[in-house]
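Summary of structural features
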Amino acid sequence: MKAVRFHGAKDIRVEDVEEPSSKLAPDDVLVAPIVTGICGTDLHEYIAGPIVTPSEPHIYTGASNPQILGHEFSAKVLAVGDEVSNVAVGERISVQPLVAPRNDYYGKRGLYHLSPQLGCIGLSWAWGGMGEKAVIKDYNAQSVPEGLTDDQAAMIEPAAVALYGVDRGGVEAGSTVLVSGAGPIGALTVLSARAAGASTIIVSEPNPNRRRIISEIAPYAHVVDPRSGELPTVVGDLTEEGVGVDVALECVGLEASLNACAEAVRRQGKVVQVGLHMKPASIDAMLWALKDISVEATWCYPTQIWPRIGRMVASGNFPIEKVITSRIAAEDVVDKGFEALLDPAGEHLKILVTT
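One structure accompanies this document, and this report is about it. (Residues numbered from 1 in each chain as written. Predicted model: local features only at pLDDT ≥ 70, side-chain atom pairs only at ≥ 80, totals over all residues. Heavy atoms only, no water.)

We now examine the packing of helix α1 (residues 40-48) against helix α9 (residues 333-342). With their axes 10 Å apart at the nearest point, α1 and α9 run at an angle of 95 degrees to one another. Here α1 lies roughly perpendicular to α9, going by the angle between them. For the pair formed by α1 and α9, the contact residues are Asp 42, Leu 43, Tyr 46 and Ile 47 on the first element and Val 334, Phe 338, Glu 339, Leu 341 and Leu 342 on the second. Its residues placed into classes, the contact of α1 with α9 shows 7 nonpolar, no polar and 2 charged. (Axes fitted to C-alpha atoms, helices over the stretch in contact; angles between N-to-C directions. Helix = DSSP H or I, 4+ residues; strand = E, 2+ residues; numbered from the N terminus. Parallel < 35°, antiparallel > 145°, perpendicular 65-115°, else oblique. Contact = heavy atoms within 4.5 Å. Nonpolar A, V, L, I, M, F, W, Y, C, P; charged D, E, K, R; others polar.)

In structure tokens:
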């Protein structure tokens, strides 16, 4: 079968590989991926990997390079193991890609995403969404409402990252919110905050193309170029008595963005780290203290969030498909996918790949 595989930095190939065995473990599900999103984590691997993709066999899954990529995907169920009861052959699903023990300290508490042995389909698992077939566990196969499209089902994974950040920030009806960064996760965070009832959403984004895109998909947002120096003024003008936003969501993973969030939030407000920081950040701890703020960090998402997102999307309250800017074939994944997303003058947020 055809698959997109990661061999190393700047080395992603479309190759013929052996299909999964038809002999399934009792809790296995054999699926045919439909569409798969290219994630920021995939981009980091492409630029400087291996980072999270294991060079040596993974501690829990045993997977190692070359890795079939793709952890944001929808799929059709082809076959199921003898003990699988949550999905049926022929059903369309959204894949929840986190693979973790069910019986370690965190697993026994339902905190699967926090397991030290955490693996991920498409990053540290034998199979991924950018292949014609894949084997996943029964808990990875998540049913979706009948009306969801294949694209929407594939987008639930990045939407889970965004919604978890909004949840951790306690965004509710009437909240004032700053979203720093309008990349794919930032854009989904804007949509999440709106779905949660935020009345005022400010977006800080230096890239003009991304400012244009977020203005189109979220016309209610107040979009600011942070390099203009106008962000503090906009925050002051749009919040009660100029005190600052209730919640600031950092979706970039950069020191300057984190500090801008701390400056923009009101006293006893919340700053939520959604973007992953690849190096240590210097912060003004005294400012955090003087403002008595809470700083929330997030890692992945609780896996139980999938049905909730499916219902939100089906209701029209969470239009995650708006973030998709292109659909490409697997054969074009490098030039029209990875390189297109890395182009600073590019016009894409989320690119979906079909195999």
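Attention now goes to the nonpolar core. Core analysis: the largest hydrophobic core is formed by 56 residues, its most contacted members being Leu 249 and Ile 309. Contributing elements (two or more residues each) for this core: α2 (150-169), β11 (176-180), α3 (184-195), β12 (200-204), α4 (208-217), β14 (245-250) and α8 (306-315). No other element matches α2, which puts 11 residues into this core. Aside from chain neighbours lying at most four places away, what touches Ile 309 is Ile 156, Ala 159, Ala 160, Leu 163 and Phe 318. Ile 68, Ile 93, Val 135 and Ala 141 belong to the second largest nonpolar core, which has 23 residues in total. (Core = buried A, V, L, I, M, F, W, Y, C linked by side-chain atoms within 4.5 Å. Buried < 20%, exposed > 50% of the residue type's maximum accessible area, 1.4 Å probe, protein only.)

On to the packing of α2 against α3. A pair of packed helices is captured by two measures, namely the crossing angle of their axes and the spacing between those axes. Where α2 contacts α3, the two axes come as close as 8 Å, and the packing angle between them is 60 degrees. Of the two elements, α2 crosses α3, and the hand of that crossing is right-handed. Contacts from Met 155, Pro 158, Ala 159, Val 161, Ala 162, Leu 163 and Val 166 of α2 reach α3 at Ile 185, Leu 188, Thr 189, Ser 192 and Ala 193. Here the contact of α2 with α3 is built from residues that sort into 10 nonpolar, 2 polar and no charged. (Left-handed = near helix turned anticlockwise from the far one by under 90°.)

Right, let's talk about the sheet that holds strand β2 (residues 11-16) for a bit. Ordered in space as β2-β1-β4, the 3 strands form an open sheet in which the pairing is antiparallel. The open sheet has two edge strands with one neighbour each: β2 and β4 (67-68). As paired elements, strand β1 (residues 2-8) and β4 share 2 bridges and run antiparallel to each other. Residue pairing across strands places Arg 5 opposite Ile 68, the latter belonging to β4. (Pairing = 2+ DSSP bridges.)

The strands that make up a sheet are held in pairs by hydrogen bonds between backbone atoms, and each pair lies either parallel or antiparallel. Pairing is parallel across the open sheet formed by 6 strands, whose spatial order is β13-β12-β11-β14-β15-β16. Each having just a single partner strand, β13 (222-224) and β16 (294-297) make up the two edges of the open sheet. Strand-to-strand twist of the sheet, defined as the mean angle between neighbouring strand axes without regard to direction, takes the value 20 degrees. In this structure, β11 lies alongside β12, joined through 5 bridges in parallel fashion. Counterpart to Ser 180 in the pairing with β12 is Ser 204. Across the sheet, α2 touches β14, β15 (265-273) and β16, and the angle it forms with β15 is around 155 degrees.

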